[in-house]
Amino acid sequence: MTGTPAGVPRFAFWHVVVAGLVALAAAPLVAIVASFRAIDSDVWHHLTTYLLPTQLLETAQLLLVVLLLAFGLGVGLAWLTTAYRFPGVALFRWALLLPLAMPAYVLGFVYLAWFDVTGSVAGFLQRWDLPLPQVRTLWGAAWVLAFALYPYVYLAARVAFVTTSARALEVGQALGLTRRQAFWRVAVPLARPAIVAGCALVAFEVLADFGVVALFGVETLSVGIYKAWYALFSLPTAMQIAALLAFLAVLALLFEQWARKRARFTTTGRSQPLTPTRLAPLPAWSATLVCTVVLAVALLLPVAQLGVWAWTLGRDALTSRYWHFFANSLLLGGSGAFVTVLLAVLLAYAQRLDGRPLMHTAVRIATVGYALPGAVLAVGVVAVTSSVDHAWVALGRWFDAHWPPILGGTVVTMLIAYTIRFLVVAFGPIQTALARVTPRMDEAAHSLGETQYGVLRRIHLPLLRPALFAAAALVFIDILKELPITLMTRPFGWETLATRIFELTNDGRWKEAALPALAVTLAGTLPAWFLAKEVTHPTSAHTRETPC
Amino acid sequence: MQRRTFLTALTAALIAAPVSATVAAETLTVYTSRNEQLIQPVFDAFTKATGITVRFTTDKDGALIERLKAEGENTPADVLITVDAGNLWLAKRSGVLQPLTSDVVLQKIPAHLRDADNHWFGVSLRARTVMRHVERVRADEIARYEDLADPKWKGRLCLRTSKNVYNQSLVATMIADLGEAKTEAIVKGWVANLATLPFPNDTAVLEAIAQGICDVGITNTYYLGRLVAKNPQFPVVPVWTNQQDRGVHVNVSGVGVTKHAKHPELAKRFIEWLVTSDAQKIFAEQDHEYPVVEGTPVSPVVARWGTFQASQTPLSKAGELQRAAVQLMDRAGWR
């Protein structure tokens, strides 16, 4: 955000880091760009005549509806649980994050099992001659995606609200604003970078989603990508549509950058946490009801349904193998989160030290992987790691030695792919938090003789702690749920909970997949719970000196 | 301190993972899109019969083929197992398979269920046919796929999405048998008769027929087999279509030796074992499929449906004409 501070070389370690990350993230993009060597005009003619117009329209509609719903739920609930006191608020503060642990396609399947024409709830409605909602539509998919993804916005907004200086709100109120007006005119504008970052994650997830849209029969661009690849046998065309998708994502990111640039957001002086207002009984219980309903719709009822299915259909499948799946999921999630967060910190820090446009562009490229459908990204990564292996084996042959491939089928390839995919998930919270640390602190530390590394370690890292945990937990949960990359790059025998879900759902055994789906959700609630405690508790980080 | 222990353990695990991936000489490596619960019993029986161990990884067909292409001669895979003839055709065209010379296999697998150049072989068979509600539709009311285009079925037909590969192969073989124009007219008739939006899977189509949302549909037989095995009263039965002319559309799960197999002789032994009656019985019994080798018994559920005349159209047509089929279904508005 700032210009290069004095004393920092214009080319340093950071530039090497950023260059490396950009090269890494650009790997699948290389495969995409290379696809433009072969334009299949027959397929493109078919796509533009019959599919793309619908797919562009439905992608836009889905994106808009999901974003509106996720924004409303995320920001609304975050403000409610931050600014007010009502029965159960301490519980809701962290519980409202937990739906993050539920894979969206699992949530989608549960809703279809209830509300589709052959569903259990649908049968009940029909018996009483009640109108039956047509759920296998864009609206059904939007509903599911919004409830599965709103926690990204909720988390970002709540972190921002908690760390917003109460003084700003008090000033607003002193100037005659009611608490509601203060929300719209002070709190939301101050939290805007965080909220936009949260919404961007939701948008990327929607663009890359294939599971939910396939279940609900929505024609989005990701469906077009799969159709070109799997049905029309044209992977280059699929890559070209992916390029279109990536372009749209970059546009969205530029918009975010523009929105952010218009204001600087730093914390000055000691911030006072916002003191929640006690609500009158009727609004208080209404607030409790709203939070309960959201939690029930997004998590409790679906988990109960999965529990019933797991008990009735999958009980026998619960063998000691599940410890193995569990352990693999946790190990991959943990190591992936560690590596991704580490690189995201380096990236955010590099951007802070060098605010030139080239650096911003590089950062954008490094984080664009999240908007690509996972399968396209996986193909790109495997293409690149395989080329490295080919070179390695060829080099061995040159030395008259037999060198086996070093990347293919190893955890290293998996971690590279996870990093490319989820870098932006970790980058968002870290960059937002780093931007709030005023450069004056750096300057003060420098003037006291602290080195750049010392500033990072002794000033920034403690201040970034909540953001680091947030980033790690988000990436961890995302890796638990991730499928195409895990499938394509896992070493032999490295089955995880997510690949268990795939084995069953790919074979049409959705209800039997309830057991691993439940396990993924449970495994994801642990970091979500931890995240909620660490990040959104009012006594964390900035506000530690002034517990309430 | 704790943190350091964790990091050490993590590093150790990361280093150990590729090392533990090196394997004994007598191990066959398989990439399969047939899922674990269906293929593990087959591998177990093979290991028991021959002493050869099998390691495998699962993924979707397209991803496995791309992975084989990218890995090239470094691939660890000896054998590729996929479902659907179109995928087998694609694997051959992508150059990831090599021909297998085996008289046993040629003799046991009928010609239309394998590749003409011996790159792939169908090892289990499934019929994709018309399903009817046992009471609401009489057995003599429907005889051919074409009949479902008749306006008499308006609002009574359920279909799975056209994005499904089995529907694509069905339509592709119809194009091979009937020509594109005639097939398009039939498919348009189906779309006009739909009772509700296409479903995401075959099981949902069968449940919709059972619950009265519609009366007829088109699905693979083993999905019905699973439902009937769970509930013998499940009120849907198959119609053996086109018995007077081209026969019921069938599809296969199949197998091929990868182009850069490190153990081609093990791969050959595996594929030759797959056409023994022991192996064929596993395919027939465990998931209500049909064997490809004559004389293998089917599951009791499947036996009740009786026998049928299967289409003799070469399955490679499903691959050759898949793109045309997909474009046709898009034109017809089949979502």
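Keep in mind it's a predicted model, so treat the numbers as computed, not measured.

A.B. asks: Sorry if this is basic, but what is going on with the overall build of chain A here?
C.D. replies: A tally of regular secondary structure across chain A gives 21 helices and 2 strands. At 24 Å, chain A has a C-alpha radius of gyration in line with the 24 Å of a compact globule built from 548 residues. Its C-alpha atoms give chain A principal-axis dimensions of roughly 75 × 65 × 50 Å. Going through the 548 residues of chain A one by one, you find that 61% of them count as buried. Across chain A, contacts joining residues at least 24 apart in sequence account for 82% of those joining residues at least 6 apart. Charge centroids of chain A, computed over 38 positive and 25 negative side chains, lie 12 Å from each other.

A.B. asks: I tried to follow unusual backbone geometry on my own but got confused; where do I start?
C.D. replies: Negative phi characterises most residues that are not glycine, and trans characterises most peptide bonds. Residues and elements named next belong to chain A. Even without being glycine, phenylalanine 233 reaches a positive phi, approximately 55°. For phenylalanine 233, the location among the structural elements is in the loop between helix H10 (221–231) and helix H11 (235–261). For phenylalanine 233, a relative accessible area of 11% translates into the label buried. Unlike most non-glycine residues, aspartate 400 shows phi in positive territory, near 60°. Secondary-structure assignment places aspartate 400 in the loop between helix H15 (374–398) and helix H16 (411–436).

A.B. asks: Explain the packing of helix H13 (residues 321–353) of chain A against helix H18 (residues 452–481) of chain A here, please?
C.D. replies: Two numbers describe a pair of packed helices, the interaxial angle and the distance between the axes. Residues and elements named next belong to chain A. Relative to each other, H13 and H18 sit at 140°, their axes nearing to 8 Å. The orientation of H13 relative to H18 falls into the category oblique. Here H13 and H18 pass one another in a crossing that is right-handed. Classifying every residue of the contact of H13 with H18 gives 16 nonpolar, 7 polar and 1 charged.

A.B. asks: It is not clear to me how the state of the cysteines should be interpreted in this structure. Could you clarify?
C.D. replies: Throughout this description, disulfide means a covalent bond between two cysteine sulfur atoms. All names here are of chain B. Overall, the coordinates contain 1 disulfide over all chains when judged by the stated rule. The partner cysteine of cysteine 158 in its disulfide is cysteine 214, sulfur to sulfur 2.1 Å. Classification of the bridge connecting cysteine 158 and cysteine 214 rests on its S-S torsion, roughly -110°, and on that basis the disulfide is left-handed. Residue cysteine 158 is found in strand E6 (residues 157–158), and its partner cysteine 214 is found in the loop between helix H8 (202–210) and strand E7 (216–220); the two are separated by 56 residues along the sequence. Comparing cysteine 158 with cysteine 214, the two get one shared label, buried.

A.B. asks: How do you make sense of the confidence of the model for chain A when you look at a structure like this?
C.D. replies: Predicted coordinates in areas of low pLDDT are best not read in detail. In this model, chain A carries a mean pLDDT of 85, and residues with pLDDT of at least 70 account for 92%. Long-range and interchain partners of residues 1–8 of chain A, a stretch whose pLDDT sits below 50, account for 17 contacts in this model, where long-range means more than four residues apart.

A.B. asks: Hey, could you run me through the nonpolar core in this one?
C.D. replies: Within soluble globular proteins, side chains that are nonpolar generally end up buried alongside one another. Residues Leu62(A), Trp79(A), Phe86(A), Leu96(A), Tyr150(A), Phe161(A) and Leu306(A) are the most contacted members of the largest nonpolar core, which totals 201 residues. Residue contributions to this core peak at 18 residues, all from helix H6 (residues 138–163) of chain A. Contacts of Tyr150(A), omitting those with residues within four sequence positions, involve Ala70(A), Leu73(A), Gly74(A), Leu77(A), Leu96(A), Pro99(A), Val294(A) and Ala298(A). If you look at the next biggest cluster of nonpolar residues, it comprises 110 residues, including Leu148(B), Val165(B), Tyr166(B) and Ala325(B).

A.B. asks: In this structure, what is going on with the interface of chain A and chain B? I would like to understand it.
C.D. replies: By a widely used convention, the size of an interface equals the accessible area lost when the partners come together. With 61 residues of chain A at the interface, the matching set in chain B holds 61 residues. Taken as a group, Thr118(A), Phe233(A) and Phe492(A) account for 16% of the area that chain A buries against chain B, more than any other trio of residues on that side. Our count for the contact surface shared by chain A and chain B stands at 10 salt bridges. Here Glu58(A) ties to Arg335(B) by a salt bridge, and the two come within 3.3 Å at their closest N and O atoms. Counting every contact that joins chain A to chain B gives 32 residue pairs in polar contact (both at pLDDT 80 or more). Put simply, the parts of the chain that give the side of chain A that touches chain B at least two residues each are helix H2 (41–83), helix H9 (211–216), H10, H13, H15, H16, helix H19 (484–489) and helix H20 (497–505) of chain A. Split by residue class, the side of chain A that touches chain B holds 32 nonpolar, 14 polar and 15 charged.

A.B. asks: Even after reading the chapter, I still don't get a nonpolar patch on the surface, so can you show me in this structure?
C.D. replies: All names here are of chain A. A surface patch of nonpolar side chains, amounting to about 550 Å² of accessible area, comprises Leu56, Leu244, Phe247, Leu248, Val250, Leu251 and Leu254. Of the residues forming the nonpolar patch, the biggest block, 6 residues, is contributed by H11. As for its placement among the helices and strands, leucine 244 is situated in helix H11. Residue classification places leucine 244 among the partly exposed residues on the basis of a relative accessible area of 31%.

A.B. asks: For this particular structure, what's the right way to read the packing of aromatic side chains?
C.D. replies: Pairs of aromatic rings are described using the distance from one ring centre to the other and the angle between the two planes. Under the counting rule described, the total for this entry stands at 33 aromatic pairs over all chains. Ring geometry for Trp79(A) versus Phe183(A): centroids 4.9 Å apart, planes at 35°, classification tilted. Here the residue Trp79(A) occupies a position in helix H2, and Phe183(A) occupies one in helix H8 (residues 179–208), the gap between them amounting to 104 residues. Between Tyr290(B) and Phe308(B), the aromatic rings sit 5.2 Å apart at their centres with planes inclined by 85°, giving edge-to-face as the arrangement. Of the two residues, Tyr290(B) sits in strand E10 (residues 290–291) while Phe308(B) sits in the loop between helix H12 (300–303) and helix H13 (316–320), which places them 18 residues apart along the sequence. No difference in accessibility class separates Tyr290(B) from Phe308(B), as the two residues are buried. In this structure an aromatic cluster arises from ring pairing among Phe43(B), Phe46(B), Phe56(B), Phe270(B) and Trp273(B). Directly above the aromatic system of Phe492(A) lies the positively charged group of Arg55(B), at a separation of 4.1 Å from the ring centroid.

A.B. asks: So what exactly am I meant to see when it comes to helix H1 (residues 13–34) of chain A here?
C.D. replies: Because an α-helix completes one turn every 3.6 residues, residues spaced three or four positions apart along the sequence face the same direction. With 22 residues, H1(A) should reach 32 Å at 1.5 Å per residue; the first-to-last C-alpha distance of 30 Å fits that figure. For H1(A), the principal kink sits at Ala27(A) and spans about 45°; a proline, Pro28(A), occurs within the next four residues.

A.B. asks: Sorry, what's going on with the pattern of salt bridges here?
C.D. replies: Should the charged atoms of two oppositely charged side chains come close, the side chains can pair. Following the criterion strictly, the structure yields 36 salt bridges over all chains and no others. One salt bridge connects Arg509(A) with Glu512(A), and the closest N-O pair in it is separated by 4.0 Å. By relative accessible area, which is 23% here, Glu512(A) ends up partly exposed. A salt bridge links Lys188(B) to Glu184(B); the shortest N-O distance between them is 3.4 Å. You can see Lys188(B) and its partner Glu184(B) sitting in helix H7 (residues 180–193), 4 residues apart, about one turn around the helix.

A.B. asks: How should the packing of H15(A) against helix H3 (residues 61–71) of chain B be read in this particular structure?
C.D. replies: Here H15(A) crosses H3(B) at 25°, and the two axes come no closer than 8 Å. Overall, the two elements H15(A) and H3(B) adopt an arrangement that is roughly parallel. H15(A) and H3(B) meet at a crossing whose hand is right-handed. Contacts from Val379(A), Val382(A), Ala383(A), Ser386(A) and His390(A) in H15(A) reach Glu66(B), Arg67(B), Ala70(B) and Glu71(B) in H3(B). Tallied by class, residues from the contact of H15(A) with H3(B) come to 4 nonpolar, 2 polar and 3 charged.

A.B. asks: Hey, could you run me through helix H7 (residues 166–174) of chain A in this one?
C.D. replies: Residues and elements named next belong to chain A. Of all the positions in H7, only Ala166, Leu169 and Gly172 are classed as buried. Angular distribution of buried residues about the axis of H7 spans 120°; they occupy a single face of the element. Where H7 is buried, its residues meet H2 and H8. A positive backbone phi angle near 100° is found at glycine 176, which sits one or two residues after H7.

Quick notes on the rules
- Residues numbered from 1 in each chain as written.
- Chains lettered and ligands numbered in written order.
- Predicted model: local features only at pLDDT ≥ 70, side-chain atom pairs only at ≥ 80, totals over all residues.
- Heavy atoms only, no water.
- Helix = DSSP H or I, 4+ residues; strand = E, 2+ residues; numbered from the N terminus.
- Rg over C-alpha atoms; globule rule 2.2 N^0.38 Å.
- Buried < 20%, exposed > 50% of the residue type's maximum accessible area, 1.4 Å probe, protein only.
- Contact = heavy atoms within 4.5 Å.
- Lys, Arg positive; Asp, Glu negative; His and termini not counted.
- Charge placed at Lys NZ, Arg CZ, Asp CG, Glu CD.
- Axes fitted to C-alpha atoms, helices over the stretch in contact; angles between N-to-C directions.
- Parallel < 35°, antiparallel > 145°, perpendicular 65-115°, else oblique.
- Left-handed = near helix turned anticlockwise from the far one by under 90°.
- Nonpolar A, V, L, I, M, F, W, Y, C, P; charged D, E, K, R; others polar.
- Disulfide = S-S within 2.5 Å.
- pLDDT = per-residue confidence, 0-100.
- Core = buried A, V, L, I, M, F, W, Y, C linked by side-chain atoms within 4.5 Å.
- Buried area = accessible area lost by both parts, 1.4 Å probe.
- Salt bridge = Lys/Arg side-chain N within 4 Å of Asp/Glu carboxyl O.
- Polar contact = N/O pair within 3.5 Å; in protein donor to acceptor, adjacent residues only side chain to side chain.
- Patch = residues over 30% accessible without salt bridge, like charges linked within 9 Å, V, L, I, M, F, W, Y side chains within 5 Å.
- Areas by Shrake-Rupley, 256 points an atom, 1.4 Å probe, with all protein chains shown as cover.
- Phe/Tyr/Trp six-rings, centres within 6.5 Å; stacked < 30°, edge-to-face > 60°.
- Lys NZ or Arg CZ within 6 Å of the ring centre and 35° of its normal.
- Expected span 1.5 Å × (residues − 1).
- Bend = angle between axes of the 7 residues up to and from the residue.
- Arc of directions from axis to C-beta.

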